[in-house]
Amino acid sequence: MTTQFAKAYGFERRDVTLANWRTAPFSRFSFGHAEEVVPSAMIAATAELSEGETVASDLLSQALPQGLAGQPDVQSYLDYAHTDAFVLMKAGTIVAEHYAPHAGIDQRHIVFSISKSLTALAIATLEADGLMDPDAPVTSLLPEASDSAYGNCSIRDVLDMRVSLSFDEAYLNTDGAYARYRRATLWNPADPSQPDETLLAFLLTLEKEAHPHGGAHFYASPNSDLLGILIERATCERYADVLSTRLWKPLGAKNHASVTVDAEGTARAAGGISVTARDLARVGEMLRNGGTIDGKRLIPEAWLTDMLTAGDHQAWVDGKSNFFPHGRYRSQWYQSGEPDGAFCAIGIHGQWLYVDPSTETTIVKLSSQPNPLDDELKHDNFAFFRAFSAWTA
């Protein structure tokens, strides 16, 4: 007998395992239910509230500029790009949204490396309160890192992904350091032939490259997990509680968020957060409004200005990125470097928070894209956001 679950997803719940949860077709379920696959901690909103009805709009049926990924209209593009949830805001109002049949308005979705950008917002509030100094060495909060790659770098080096680190961000690796990393975070099954590691224990084994810190942009997710640990050391509180009290509740989030944790309860600050699309759009709107929401400041103005303007373009170029030719990276956020001033947070498998201040646009796109990177689709998404922002301005 075919169950309702199988009718909805095309497979049974028992078919989703720790070994396959990030692969298609199983990701259509697990990306919206990460807490069922990996141990997780709640990032509490003030109260869990239903968002109500989806905003209906004829924008989704509008034709796209000719040649944009070969798709005739917005809805077709969203389907082509494996979209689970899509929210478009203009000047603070939701004007269009879309949810795949297996998703929903109140359903959390893992945002992968957008988690890095949310982590940085919590650090912004700690800096304002004098609890964390980006120019201080990592060892000022984590002395046991002295013999690792992080032993002589600053927190700023970590924030800007300019750590000299011997590590390969190889998402599909099955037998090297990245596989150890996945096991340490409980994202992959244990390997009986290998010793168990916690996330912190793994981070402390990472070694430095020969060149100094502070050079070319070098994207490495362990840096952001380290930031989560530094947050806990600076506050003597759990990461999930810090994000709840310093970001999620003040933001007015309507749904609880969550973050995956390892065997010691250490949060996967680099990629383990799950949120609803509307709550993530609230983050974008807060930043578009200068770090304020409902007239109340959440993020210091000086921090936001620094994030938007102080990234080192040459470091970005030297990092040999094939994206954002005019771009910069600062405090775990991407600046496009385009005249419209667009900035964004991006996660693998097609997760986006895109903000275009020039057209008062905020876009959230959460996806179950089968290829974690898919550079062609990444460029398509950016072109779609730019065209859609200008077109609906």
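The structure this text deals with has already been given above.
The shown structure was predicted, so the numbers you read here are calculated from the model rather than taken from an experiment.

### Some remarks on the overall build of the protein
Stage number 1. The number of helices and strands found in the protein is 13 helices and 13 strands.
Stage number 2. Taking 2.2 N^0.38 as the reference for a compact globule, 393 residues should give roughly 21 Å; the C-alpha atoms of the protein span a radius of gyration of 20 Å, in line with that estimate.
Stage number 3. Here the C-alpha coordinates of the protein stretch approximately 55 × 55 × 40 Å along the principal axes.
Stage number 4. With 393 residues in all, the protein has 58% of them scored as buried.
Stage number 5. Pairs at least 24 residues apart make up 66% of the contacts formed inside the protein by residues separated by at least 6 positions.
Stage number 6. Split by element, the accessible area of the protein, about 15,300 Å² in all, is 51% carbon and sulfur.
Stage number 7. For the protein, the centre of its 31 positive side-chain charges and the centre of its 50 negative side-chain charges are spaced 2 Å apart.

### Notes on the packing of aromatic side chains
Stage number 1. All told, the structure shown has 32 aromatic pairs when counted by the stated rule.
Stage number 2. Consider the rings of Phe-323 and Phe-382, whose centres lie 5.8 Å apart with planes at 70°: the pair is edge-to-face. Of this pair, Phe-323 sits in the loop between helix 12 (313-318) and strand 9 (328-330) while Phe-382 sits in helix 13 (residues 375-391), and the two are 59 residues apart along the sequence. With respect to class, Phe-323 is no different from Phe-382; both count as buried.
Stage number 3. The aromatic ring of Trp-187 is capped on one face by Arg-268, whose charged end is 4.6 Å from the ring centroid.
Stage number 4. Positioned above the aromatic ring of Phe-323 is the side chain of Lys-378, whose terminal nitrogen or guanidinium carbon lies 4.8 Å from the ring centre.

### Comments concerning the packing of helix 9 (residues 239-251) against helix 10 (residues 277-288)
Think of two packed helices as two axes; the pair is described by the angle between the axes and how far apart they sit.
Stage number 1. Between helix 9 and helix 10, whose axes approach to 10 Å, the crossing angle comes to 95°. In this view, helix 9 runs roughly perpendicular relative to helix 10, as classed from their interaxial angle. Contacts between helix 9 and helix 10 involve Leu-247, Trp-248 and Leu-251 from the former and Asp-279, Arg-282, Val-283 and Met-286 from the latter.
Stage number 2. Residues that form the contact of helix 9 with helix 10 fall into these classes: five nonpolar, no polar and two charged.

### Let's talk about helix 10
Stage number 1. Taking 1.5 Å of rise per residue, 12 residues should cover 16 Å, and helix 10 covers 16 Å from first to last C-alpha, within 8% of that figure.
Stage number 2. Counting buried residues in helix 10 gives 12 out of 12 residues, a clear majority hidden from the surface.
Stage number 3. Here helix 10 has its buried residues at Ala-277, Arg-278, Asp-279, Leu-280, Ala-281, Arg-282, Val-283, Gly-284, Glu-285, Met-286, Leu-287 and Arg-288.

### Points about unusual backbone geometry
Stage number 1. Of note, the bond from Ala-24 into Pro-25 is cis; its omega dihedral lies within 30 degrees of zero at 0°.
Stage number 2. Along the chain, the position of Pro-25 falls in the loop between helix 1 (4-9) and helix 2 (27-30).
Stage number 3. A positive phi is found at Cys-236, a non-glycine position, where the angle reads about 60°.
Stage number 4. Among the secondary structure elements, Cys-236 is positioned in the loop between helix 8 (221-235) and helix 9.

### Notes on the environment of Asp-106
Stage number 1. In this fold, Asp-106 is placed in the loop between strand 3 (93-99) and strand 4 (109-110).
Stage number 2. In the structure, Asp-106 is positioned 148 residues away from Lys-254 in sequence and 8.7 Å away in space, judged by C-alpha atoms.
Stage number 3. For Asp-106, the side chain forms a polar contact with the side chain of Ser-50, separated by 3.0 Å.
Stage number 4. Separated by 2.9 Å, the side chain of Asp-106 and the backbone nitrogen of Glu-51 make a polar contact.

### Details of the environment of Ala-383
Stage number 1. Mapped onto the fold, Ala-383 is located in helix 13.
Stage number 2. Through-space distance from the C-alpha of Ala-383 to that of Pro-143 is 44 Å; in sequence the pair is 240 residues apart.

### A look at the environment of Tyr-178
Stage number 1. Summarising the element assignment, Tyr-178 is placed in helix 6 (residues 177-184).
Stage number 2. Along the backbone, Tyr-178 and Ser-221 are 43 residues apart, and their C-alpha atoms lie at a distance of 10.0 Å.

### Considerations on the sheet that holds strand 6 (residues 273-275)
Stage number 1. Here four strands make up an open sheet; going across it, the order is 1-5-6-4 and the pairing antiparallel. Each edge of the open sheet is held by one strand with a lone partner, namely strand 1 (40-43) and strand 4.
Stage number 2. Pairing analysis gives two bridges linking strand 5 (residues 257-260) to strand 6, with the strands arranged antiparallel. Looking across to strand 6, one finds that Val-259 is bridged to Ile-273.

Definitions and limits used
Counting restarts for each chain, with residues numbered from 1 along the sequence as it is written. Local features in a predicted model are, by the rule used here, given only for residues with pLDDT of at least 70; side-chain atom pairs are given and counted only at 80 or more, and totals for whole chains, interfaces and linings are based on all residues. In computing side-chain properties, one takes all heavy atoms of the structure into account and sets aside hydrogens as well as water. Numbering of helices and strands runs from the N terminus, with a helix taken as a DSSP run of H or I at least four residues long and a strand as a DSSP run of E at least two residues long. Both definitions apply: the radius of gyration is a C-alpha atom measure, and the globule rule equals 2.2 Å times residues to the power 0.38. Only protein chains enter the area calculation, which uses a 1.4 Å probe; residues under 20% of their type maximum are buried, those over 50% are exposed, and those in between are partly exposed. Throughout, a contact is declared for two residues whenever any of their heavy atoms are within 4.5 Å. In these tables, accessible area is a Shrake-Rupley quantity obtained with a 1.4 Å probe, and a residue counts as shielded only by the protein chains included in the view. We count Lys and Arg on the positive side and Asp and Glu on the negative side, and we leave His and both chain ends out. Here the site of a charge means atom NZ of a Lys, CZ of an Arg, CG of an Asp or CD of a Glu. Any two of the Phe, Tyr and Trp rings considered here, Trp counted by its six-membered ring, make a pair once their centres fall within 6.5 Å; the pair's planes then place it as stacked at under 30 degrees, edge-to-face at over 60, or tilted in between. Placement of a charge over a ring requires the Lys NZ or Arg CZ to be within 6 Å of the ring centre, with the centre-to-atom vector within 35 degrees of the ring normal. An axis is simply a line fitted to the C-alpha atoms; with a helix, the fit covers only the stretch in contact. Between two such axes, the angle follows the N-to-C directions and lies from 0 to 180 degrees. Each angle gets one of four labels, with under 35 degrees taken as roughly parallel, over 145 as roughly antiparallel, 65 to 115 as roughly perpendicular, and the rest as oblique. Three classes are used, and their members are as follows: Ala, Val, Leu, Ile, Met, Phe, Trp, Tyr, Cys and Pro are nonpolar, Asp, Glu, Lys and Arg are charged, and the others, Gly among them, are polar. Multiplying 1.5 Å by the helix residue count minus one yields the expected span of that helix. Distance and chemistry together define a polar contact, namely a pair of N or O atoms within 3.5 Å, with one atom able to donate a hydrogen and the other to accept it when in protein, and with adjacent residues in sequence counting only for side-chain atoms on both sides. Pairing between two strands is assigned when DSSP locates at least 2 bridges connecting them.

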